[in-house]
Every structure is written in C-alpha cells, then in structure tokens.
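# Structure assessment
Below are the chains, spelled out letter by letter.
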Protein chains: 2
Amino acid sequence: MTRSEENYLKTIFHLGSGDDVSINTNAIAEQMETKPSSVTDMAKKLAEKGLVNYKKYQGISLTDAGVKTALSIVRKHRLWETFLVEKLDFAWDEVHEVAEQLEHIKSEKLIDKLDQLLQFPKYDPHGDPIPGKNGEFQEHNKDLLSELPVGAHGICVGVKDSSSAFLQYLDKHEISIGKPIQILGKEAFDGSLHLKIGEREHMVSHQIACNIYLK
Amino acid sequence: MTRSEENYLKTIFHLGSGDDVSINTNAIAEQMETKPSSVTDMAKKLAEKGLVNYKKYQGISLTDAGVKTALSIVRKHRLWETFLVEKLDFAWDEVHEVAEQLEHIKSEKLIDKLDQLLQFPKYDPHGDPIPGKNGEFQEHNKDLLSELPVGAHGICVGVKDSSSAFLQYLDKHEISIGKPIQILGKEAFDGSLHLKIGEREHMVSHQIACNIYLK
DNA sequence: AACTATTTTTAGATTTGCCTAAATTTTATT
DNA sequence: AATAAAATTTAGGCAAATCTAAAAATAGTT
Ligand SMILES: [Mn+2]
Ligand SMILES: [Mn+2]
Ligand SMILES: [Mn+2]
Ligand SMILES: [Mn+2]
C-alpha cells in the first residue's frame, strides 16, 4: 500500500462519511488538490486491488476491505494527533499536518504501543472518535450548535472544521472541548447566537455555530 | 529534500564516518541495496543541490551542507529509537526499522518536543551519540573489546553491529549497555575472549568482541 | 428531443527513482 | 607497457504518480 493509495482511501472514506456512498471523481480531486484525471487513474488501481468499487462514470465507493484500510489510517492519524497534544504539548491546531505524515508509518507494534501509552483514548483532540484495532468506534451522539433551539445547553464535544484558523478562533474565545455551552438567544436576521460559554457570555455567527458539536 | 535523497546522504555520512572522505559508488550501492548506476544518478542530483562533491570516477563526499543535513537525519533517527525504547518499551533490536521511517517526518517542532520529552538524551539505545540541534555531539572515547589487552576492564558503552541477530545474542548472554566487563583471558588460536560480565563468566568469539565498545 | 454544460475518461507527456546492458575509465597484474 | 579486471558511467527503458488537452459520456435546459 503506497502513501498515495492510503490518502485516496482516507479521502473517499471521509467524503462518504464512512458509509459506502458513491463519490464523485471531481469531489475527490478537489479534496486532494489534484486533477480528476489523476483520480480516475487511481480509481482503476484501487479497483484492481479490490479496495474500491468503480465503474466508469458511476462514481467510486469503498469496498469492505477499503473501509477497513481507511479506518486503520484514520486510527493512526487520530492516535498520533492525540499523542502530539497529550505528550508533546502541541496545540490542537498544530497537529493535523504532522499527523498527515505520521499516519503512514508502517508498524503495527508502534501503533499498539502508542495506543497503550495514551491509555486507549476514545476521542482525538478535535472530538473525533478513534477507531479501535478492529475498526470499531463510538461516535458521540452530538448535535450541531446551529441546529439546537434557544435554551438548549450541553457540553462541547467536538468541532466540524478542524482548520487552524477556526481552532485559533475558538482558543481566542475560550471555547474548547468539555466546556459547557448554553444558547441564550438567536438573532433571526443572520442566525447568530448569544451564548453562555462557561461563565462568560459571547456572540457567535451562524458560520461558527455550524462547526461546533454539543452533547 | 526527498526521502531517497535523505537516505543517500545518511549512507554517505555513515560510510565516511562523518569526515569528508571520498566514498566509492559501489560501496554506497551495496549499503543501500541498489545498483551503482542509481548511485551515479543520485550523485549528480545531490551535487546539483550542493550537498555532495562529485567528480566523475572520483568518488563522492559530503559538502558542509551535506554533513549538516545528514546529521539532522541521524539526530531524528536516534531520537526516535530512544523514544521507542524509553517510552514505548521496544527492545533495542526492534527499533531500527521503524526509526528508518520516522526519521523522514518533517517537523522541526516535533523533533524538538521529542528531545524535550526524552530529557535531551546524549546517546541512543545502541550507545551511539545523538547530534544536537546544531549538529554537535559527544562521541564516547571508547575501545573495541577485541583491541583491549588481557586484564582490561570497563563499562560496555555501545555496539558496532546493531543488527537484530547480534543484539539478541547480547540479550541472551546478558550483555547490555552499562554492564561492567573484564577480560580474564584470550585464546591465542582464534582470538576468542574469556570475559567477566557483571558477576558471570562467559566466552565470546573474536567476531563478537569486534562489535562491543568498552570505556 | 435536441442542444448545451458539466463531468469523467482517455491519450500522451513529465518527473523521480530505479533497472539492465553496454561503453568507458581506472586499477591491478603480468 | 600491454593486458586483464574491476569500478563507474552512459544510454535507454520502466513503473508510479502526476499533469494538460482532447474526446466521450452524462446531466441539465430549452
Ligand atoms: Mn487531523
Ligand atoms: Mn495522509
Ligand atoms: Mn538505527
Ligand atoms: Mn531512512
């Protein structure tokens, strides 16, 4: 399994939300910052190896073997991100790029030992579930802040957007995983929310609310 | 800097013992398990980038920039090996392969933080010195067991051969870094040594003695 | 249904790193 | 010094992963 193949599988997995939905060539190309023709080439190769279902012009989906492989890469990615934050004091907006590299290291023992060192974490620094050795994982049953009614309250358990810019915005406004959040009011005009975050009160735009998960 | 380029620089560095000795094309090819013609190709590329001195048929040596790059890769390799042993309970004969992959991860912050987590180690699990951020390192002033006279004693501070087979031999005979060793006698015929290792006595062949460093 | 726009695939080229086989240069031996 | 052996380089080619440009298929619109 080459690094490129692994990255394609992971991208297809994420675009399909793990289910075996059929994904567009263009969507994959955009996500991977490559050209559709390159995606077609790789689709053929992965189909050859039994990792994706591919019929010309019909889109691409992962086979069971493909899902299994994708999950093992996601597992590595999220374990490494957790390691970087927990053991090396990285901020949660600094880990993704490095984990993109580390996820391709080939050593079963390494990842098992890492899991053990971290005491078998269930969620990564962004609240995303970490698949176990056999691919099983527990997704929080969470809701987008933007979809909850006024008066709702809960604990922040994750973020949808993991970009550095968004995470730094959250840091600046002291929003982090584990923080209790209550919706005090909603602006009808633009959907912006009046929140109570811990002890403080804050206004956040609709766009922000669309990227915060509450439980 | 590609992974392949980094591996060539590291190999040239090791074959030249760090000095700017001129290395044979064939020696590099053998060490890297590749063909001499591939080495020639890479020599041209690295020379182009100012990392090696290369004139046709004259052998290859590292420039100052090349040494600096090689040292930074060696630093990463040895820090990762130390991490694997100290934090993930790998045996010293299991770390090299994985470190071969990890040494190519690109993140200055990662390696600095790893260094810190390990409390700035000076030597790796095989007794080899770990270069600092600026390439400086302290080599033990050590001697090969095979070159010491009868009666000599000291502490095992390193191994020359880091192969799994050799390290497992040492484990089996309870020879490890830090162990006191004394030469009780030497067999004139085959150069094998009668040793006191800790509290035990052992015979080791000349070949073994050629791969253990004492201080 | 016919036409247009979009998506997707094909064809052909490029780069990196490697290979084999042949040519060249250097080194060792008569 | 001539010749043989060994080391090294060149020439040409291949596979992976990408690209551009053109062709083909699908989807959307009058
Ligand atoms: Mn990530
Ligand atoms: Mn990746
Ligand atoms: Mn090593
Ligand atoms: Mn390497």
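An unreviewed UniProt entry lists chain A under the name Transcriptional regulator MntR, with Flagellimonas pelagia as the source organism. For chain A, the Subunit (unreviewed entry) comment in UniProt is given as "Homodimer." According to the UniProt record, the Sequence similarities (unreviewed entry) comment for chain A is "Belongs to the DtxR/MntR family."

### As for the domain arrangement of chain A
Partitioning chain A into structural domains gives domain 1 (3–62) and domain 2 (143–214). On a C-alpha basis, the centroid separation for the pair domain 1 of chain A and domain 2 of chain A is 33 Å.

### Concerning the layout of surface pockets
Residues and elements named next belong to chain B. Of the pockets and cavities examined, the largest pocket occupies roughly 1,400 Å³. Forming the walls of the largest pocket are 40 residues, and the residues nearest its centre are His14, Gln31, Arg78, His96 and Ser162. Elements with a contribution of two residues or more to the lining of the largest pocket: helix H1 (3–15), helix H2 (25–32), helix H4 (64–86), helix H5 (95–102) and helix H7 (164–172). When grouped by side-chain class, the residues that make up the lining of the largest pocket number 13 nonpolar, 13 polar and 14 charged. The residues that make up the lining of the largest pocket include at least three from each of domain 1 (3–62) and domain 2 (143–214).

### Observations concerning helix H6 (residues 108–117) of chain B
Those residues of H6 of chain B lying buried are Leu110, Ile111, Lys113, Leu114 and Asp115 of chain B. Contacts made by the buried residues of H6 of chain B are with helix H4 (64–86) and helix H5 (95–102) of chain A together with H4 of chain B.

### As for empty space enclosed by the protein
Residues and elements named next belong to chain B. This model, assessed by the stated rule, comprises 1 cavity of 30 Å³ or more. Lining of the largest cavity is provided by Tyr8, Ile12, Val39, Met42, Ala43, Leu46 and Ile60. Elements with a contribution of two residues or more to the lining of the largest cavity: H1 and helix H3 (36–48). Top element by residues in the lining of the largest cavity is H3. It accounts for 4 residues.

### Structural notes on the coordination of the manganese ion (ligand 1)
In an ideal octahedron of six donors the angles at the metal are 90 or 180 degrees, and in an ideal tetrahedron of four donors they are 109.5 degrees. Residue and element names in this part refer to chain A. Those protein atoms acting as donors to the manganese ion (ligand 1) are His77 (NE2), Glu81 (OE) and His96 (ND1), and they sit at 2.0 to 2.2 Å. Read from N- to C-terminus, the donor residues coordinating the manganese ion (ligand 1) fall into the pattern H-x3-E-x14-H. Of this pair, His77 and Glu81 both sit in helix H4, 4 residues apart, roughly one helical turn.

### Some words on the environment of Ser61 of chain A
Within the secondary structure, Ser61 of chain A is located in strand S2 (residues 60–62). Those residues within four positions of Ser61 of chain A in sequence are excluded, and the remaining contacts are Asp20, Val21, Ser22, Leu51, Val52 and Asn53 of chain A.

### What to know about the interface of chain A and chain B
Where interface size is quoted, it is often the accessible area lost as the parts come together. Contacts between the two partners involve 21 residues from chain A, matched on the other side by 21 residues from chain B. Taking both sides of the interface into account, the surface hidden between chain A and chain B amounts to around 1,700 Å²; carbon and sulfur atoms contribute 68%. If you sort the residues of chain A by the area they bury against chain B, Leu88, Gln101 and Ile105 of chain A come out on top, with a joint share of 27%. On inspection of chain A and its partner chain B, the count reaches 2 salt bridges. Of the charged contacts in the structure, one is a salt bridge between Glu94 of chain B and Lys109 of chain A, with a shortest N-O distance of 2.9 Å. Applying the counting criterion to the chain A and chain B interface returns 4 residue pairs in polar contact (both at pLDDT 80 or more). Those elements that provide at least two residues to the side of chain A that touches chain B are H4, H5 and helix H6 (108–117) of chain A. Residue composition of the side of chain A that touches chain B, grouped by class: 11 nonpolar, 3 polar and 7 charged.

### Notes on the sheet that holds strand S7 (residues 200–204) of chain B
All names here are of chain B. The strand order across the open sheet formed by 6 strands is S3-S8-S4-S5-S6-S7, and the pairing between neighbours is antiparallel. Edge strands, defined here as strands with exactly one partner in the open sheet, are strand S3 (143–144) and S7. Relative to strand S5 (residues 180–186), strand S4 (residues 153–159) runs antiparallel, the two being bridged by 3 bridges. Its bridge partner being in S5, Ile155 is matched across the sheet by Pro180.

### Some details on the packing of helix H1 (residues 3–15) of chain A against helix H2 (residues 25–32) of chain A
All names here are of chain A. Contact geometry for H1 and H2: axes closest at 10 Å, N-to-C directions at 115°. The chirality of how H1 crosses H2 is right-handed. Between H1, through Asn7, Tyr8, Thr11, Ile12 and Leu15, and H2, the contact on the second element is made entirely by Ala27, Ile28, Gln31 and Met32.

### A short note on the protein's contact with DNA strand D
The immediate surroundings of DNA strand D are formed by 20 residues, with Thr34 and Lys45 of chain A together with Lys44, Tyr54 and Lys56 of chain B found nearest. Between DNA strand D and the protein, one listed contact pairs a base oxygen with a side-chain N or O atom of Ser37 of chain A at 3.1 Å. Elements represented by at least two residues in the surface near DNA strand D include exactly H1 and helix H3 (36–48) of chain A together with H2 and H3 of chain B.

### Notes on the coordination of the manganese ion (ligand 3)
Residues and elements named next belong to chain B. Protein coordination of the manganese ion (ligand 3) is provided by His77 (NE2), Glu81 (OE) and His96 (ND1), with donor distances spanning 2.0 to 2.2 Å. For the manganese ion (ligand 3), all donor residues lie on one chain, and their spacing in sequence is H-x3-E-x14-H. Of this pair, His77 sits in helix H4 while His96 sits in helix H5, and the two are 19 residues apart along the sequence.

### Brief notes about the environment of Ala29 of chain B
All names here are of chain B. Topologically, Ala29 is positioned in helix H2. Using a relative accessible area of 2% as the deciding quantity, one classes Ala29 as buried. When neighbours within four sequence positions are excluded, Ala29 is seen to be in contact with Thr34, Lys35, Pro36 and Val39.

### Side note on the relation of the copies chain A and chain B
Its rotation angle being 180°, the transformation that places chain A on chain B also includes 0.0 Å of axial translation and leaves an RMSD of 0.1 Å. The two molecules are tied by a two-fold rotation axis, judged by turn and shift. For chain A, the residue whose C-alpha comes nearest the rotation axis is Leu102 of chain A, separated from it by 3.8 Å.

Conventions used here
Residues numbered from 1 in each chain as written. Chains lettered and ligands numbered in written order. Predicted model: local features only at pLDDT ≥ 70, side-chain atom pairs only at ≥ 80, totals over all residues. Heavy atoms only, no water. UniProt positions renumbered as here; feature names shortened; annotations may be inferred. Domains from an automatic or database assignment. 1 Å grid on protein atoms, 1.4 Å probe; cavity = no way out; pocket = protein on both sides within 12 Å on 5 of 7 lines; lining within 4 Å. Points joined across faces, edges and corners; volume = space filled by probe spheres on them. Helix = DSSP H or I, 4+ residues; strand = E, 2+ residues; numbered from the N terminus. Nonpolar A, V, L, I, M, F, W, Y, C, P; charged D, E, K, R; others polar. Buried < 20%, exposed > 50% of the residue type's maximum accessible area, 1.4 Å probe, protein only. Contact = heavy atoms within 4.5 Å. Donors = N, O, S within 2.8 Å, 3.2 Å for Na, K, Ca; no water. Buried area = accessible area lost by both parts, 1.4 Å probe. Salt bridge = Lys/Arg side-chain N within 4 Å of Asp/Glu carboxyl O. Polar contact = N/O pair within 3.5 Å; in protein donor to acceptor, adjacent residues only side chain to side chain. Pairing = 2+ DSSP bridges. Axes fitted to C-alpha atoms, helices over the stretch in contact; angles between N-to-C directions. Left-handed = near helix turned anticlockwise from the far one by under 90°. Near = heavy atom within 4 Å. Least-squares fit on C-alpha atoms with pLDDT ≥ 70 in both.

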